[in-house]
Amino acid sequence: MKIAVVGTGLVGHGWAIAFARAGHEVALFDTKPSQTEATLRRIDTILPELVSFGLIESDGDLRARITAYASLKTAVEGSGYVQESGPECVSAKREIFAALDQIAAPKAVLATSSSGIPISAIAEPLGGRARCLVAHPANPPYLLPIVEIVPAPWTSEKAIATADAVLSGAGQVTVQLKKEIDGFVLNRLQGALLHEAFRLVEDGIATAEDVDRTVRHGLGLRWSFMGPFETIDLNAPGGLSDYVDRLGSMYLRFAQQRGAARPWGPKLVAKVEADRRASLPASALSERAAWRDRQLMALMAQKRMPDTAPANILKDPKK
Ligand SMILES: NC(=O)c1ccc[n+]([C@@H]2O[C@H](COP(=O)([O-])OP(=O)(O)OC[C@H]3O[C@@H](n4cnc5c(N)ncnc54)[C@H](O)[C@@H]3O)[C@@H](O)[C@H]2O)c1
């Protein structure tokens, strides 16, 4: 299938790799041609790394499936699925979707990578709104498989099923939300943790580095292969309800102590920023992001190794 990736920034480049890895022809378009050129150079750097971690067999075939187009029309024409990855801005996304709805084949699904803007705020007036939905990835999508599919009330079951088939077929792991919510599931979970993390620093309980260390060497190690419910299910002899019996009142107390949401004010942000810059100078941010991606490659390669747990323990061993 031809798949168009519209907007070739941070997330667009990752989608290009994910879809081309699955054998699709990927058509790239960005209003800034220099951005697409930079993205192609970036992809050329990443592909040999994926080969070295055993995550793809060869980079040449994959790269040959990615083509940059000079116009939205030529990129989208003939595509069966479009992944919009332009700026996180309602007016920009509305404009792009209005153009996509005019150009794309009637059967093509139009998906947005939107981190929090619901598709109903983007596609409501469009004739083809039934084929529009959110397909929210984590960054970068070729290393973090999760994709949240979030329909508007009017999105058709067919569009949802097609998006799910395209994304699952490309090796992504989909979660279909039952209805729209600001921020979807992933960013709401991340937001809850960030609010608590900022609060712990603001109240002088811990430094930013200590908070990061607690996740890096504690919570995060488990989270790379299980979620919060499975975590507590395994942390009491009688499973999840036993855990809630033992510690539910403690967590309720935390929630009550939290009270009203606190904004992340400039003083607090400057404090956390200073802590981060002491650990990592701003000039090293992109180098560190590339390091993060190589760590993720190693982790994904490890996760692909045969599971050592007996297959009969889990009802669905693929989980
Ligand atoms: N960065 C993340 O971690 C992340 C994760 C998940 C989802 N997202 C979402 O993905 C989308 C893209 O985010 P990003 O981080 O890649 O942003 P980005 O700024 O890196 O890239 C956006 C790209 O869109 C291009 N663009 C602007 N107007 C356009 C138009 N009319 N047509 C085509 N291209 C256009 C820009 O030139 C730019 O290259 C956003 O909606 C964002 O919220 C981001």
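Conventions used here
Per chain, the residues get numbers from 1 upward, laid out in the order the sequence is written. Given that this is a predicted model, residues contribute local features only at a pLDDT of at least 70 and side-chain atom pairs are listed and counted only at 80 or more, while totals for whole chains, interfaces and linings are drawn from all residues. Boundary definitions for the domains trace back to an automatic or database domain assignment. Residues are defined as contacting one another if the C-beta atoms placed from their backbone atoms lie within 7 Å. Note on conventions: DSSP H or I runs of at least 4 residues are helices, E runs of at least 2 residues are strands, and numbering of each starts at the N terminus. Residues are grouped as follows: Ala, Val, Leu, Ile, Met, Phe, Trp, Tyr, Cys and Pro are nonpolar; Asp, Glu, Lys and Arg are charged; all remaining types, including Gly, are polar. Here, any two strands with at least 2 DSSP bridges between them count as paired. For every element, the axis is a line fit to its C-alpha atoms; helices are fit only across the contacting stretch, and the angle between N-to-C directions ranges from 0 to 180 degrees. Multiplying 1.5 Å by the helix residue count minus one yields the expected span of that helix. Burial in this document is a count-based property: other C-beta atoms within 10 Å of a residue's C-beta are tallied, and the residue is buried at 20 or more, exposed at 12 or fewer, or partly exposed in between, with C-beta positions derived from the backbone. Along the arc lie the directions from the helix axis toward the C-beta atoms.

### Quick notes on the domain arrangement of the chain
In terms of domain boundaries, the chain breaks down into domain 1 (2-176) and domain 2 (186-303). Inter-centroid distance (C-alpha atoms) of domain 1 to domain 2 is 29 Å. Listed by partner, the interface residues are 13 residues for domain 1 and nine residues for domain 2. Contributions of two or more residues to the side of domain 1 that touches domain 2 are made by α2 (33-52) and β7 (146-151). Across the side of domain 1 that touches domain 2, the residue classes tally to seven nonpolar, four polar and two charged.

### Some points on the sheet that holds β7
In a beta sheet, neighbouring strands pair by backbone hydrogen bonds and run either parallel or antiparallel. Spatially, the eight strands line up as an open sheet ordered β3-β2-β1-β4-β5-β6-β7-β8, and their pairing is mixed. Of all the strands in the sheet, the pair left with one neighbour each is β3 (66-68) and β8 (173-176). Between one strand axis and the next, the sheet turns by 25 degrees as a mean value, whatever way the strands run. In terms of strand pairing, strand β5 (residues 109-112) meets strand β6 (residues 132-137) through three bridges, oriented parallel. By the bridge assignment, A111 is partnered in β6 with L133.

### Brief notes about helix α5 (residues 90-103)
Its 14 residues give α5 an end-to-end C-alpha distance of 20 Å, which sits within 8% of 20 Å, the value for a rise of 1.5 Å per residue. For α5, the full list of buried residues reads K93, I96, F97, L100 and D101. Here the buried residues of α5 occupy an arc of 135 degrees about the axis, which is enough to place them on one side. Of the surrounding elements, those touching the buried residues of α5 are β1 (2-6), α4 (72-76), β4 (81-84), β5, α6 (120-123) and β6.

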